[in-house]
Amino acid sequence: MKSRIFLCTLLLGLLFVGCRNKESKASYIPPASMDYSGADTTEILNLVNQYISCLNNHDYDGMADMLYYLQDSRVYPYEGAKRDSLIRGLKEIPIYAAKLYSISLRSNVNNEVGILVQLIENGDLENEIGVSKLYLNPIIIKDKWYLTLLDVNAEGVVR
């Protein structure tokens, strides 16, 4: 009888240790691959807050003017047909309010800023009712920060 109790206790202990180790591995977040200064954080937040202001004011041209895309390690503004398509897409989203949701900085081109967007008139940003999330990827090229739309297939983005 004592050996059964000992065996059950041992198995429960191993199960607890095994579950605890799985949790710690799942919650591990690797350190950022670059050092961020206070100026970097301030510049990113200024860009994001300006973008959120454009969202809240339905300033589609302003939103399009703030967005860039990365190609061959160079940053480009949306122009011509690409810009027109971007604006058409933005206009399709009913936006009643928006606010900063989360920020995760990992590298020069692999970051994530979550913006909570209220999509229905009687939604609630604070309680996340009638909302969706929009994700931006701030990138830095030659000491200047740019906003790009988060694209898991974009150059340098690792998920």
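Above: the structure in question.
Examining the side chain of Thr148
Line of reasoning, step 1. Considering the arrangement of structural elements, one finds Thr148 in strand β6 (residues 144-149).
Line of reasoning, step 2. For Thr148, a relative accessible area of 7% gives the class buried.
Line of reasoning, step 3. For Thr148, the side chain forms a polar contact with the main-chain oxygen of Asn137, separated by 2.6 Å.
Line of reasoning, step 4. Leaving out residues up to four positions away in the same chain, Thr148 has contacts with Leu67, Tyr68, Tyr69, Leu136, Asn137 and Ile139.

Overview of the packing of aromatic side chains
The description of an aromatic ring pair rests on the distance of the ring centres and on the angle between the ring planes.
Line of reasoning, step 1. All chains considered together, the criterion is met by three aromatic pairs.
Line of reasoning, step 2. Where Tyr68 meets Tyr146, the ring centres are 4.9 Å apart and the plane angle is 70°; that geometry is what we call edge-to-face. Residue Tyr68 is found in strand β1 (residues 67-71), and its partner Tyr146 is found in strand β6; the two are separated by 78 residues along the sequence.
Line of reasoning, step 3. We classify Tyr68 as partly exposed; its relative accessible area is 22%.
Line of reasoning, step 4. Residue classification places Tyr146 among the buried positions, given a relative accessible area of 14%.
Line of reasoning, step 5. Members of the aromatic cluster, each reached through a chain of ring pairs, are Tyr69, Tyr76 and Tyr78.
Line of reasoning, step 6. Over the ring of Tyr146 we find Lys144, and its NZ or CZ is 5.1 Å from the ring centre.

What to know about the pairing of strand β4 (residues 111-118)
For a regular strand, side chains alternate in direction, first toward one face of the sheet and then toward the other.
Line of reasoning, step 1. Counted residue by residue, β4 has eight buried out of eight residues, so it is predominantly covered.
Line of reasoning, step 2. By the alternation rule, side chains of β4 split into Asn111, Val113, Ile115 and Val117 and Glu112, Gly114, Leu116 and Gln118, which are all buried.
Line of reasoning, step 3. Alignment of strand β3 (residues 97-105) against β4, held across eight bridges, turns out to be antiparallel. Bridge assignment links Ser104 to a residue of β4, and that residue is Glu112.

Calculation criteria
- Residues numbered from 1 in each chain as written.
- Predicted model: local features only at pLDDT ≥ 70, side-chain atom pairs only at ≥ 80, totals over all residues.
- Heavy atoms only, no water.
- Helix = DSSP H or I, 4+ residues; strand = E, 2+ residues; numbered from the N terminus.
- Buried < 20%, exposed > 50% of the residue type's maximum accessible area, 1.4 Å probe, protein only.
- Polar contact = N/O pair within 3.5 Å; in protein donor to acceptor, adjacent residues only side chain to side chain.
- Contact = heavy atoms within 4.5 Å.
- Phe/Tyr/Trp six-rings, centres within 6.5 Å; stacked < 30°, edge-to-face > 60°.
- Lys NZ or Arg CZ within 6 Å of the ring centre and 35° of its normal.
- Pairing = 2+ DSSP bridges.

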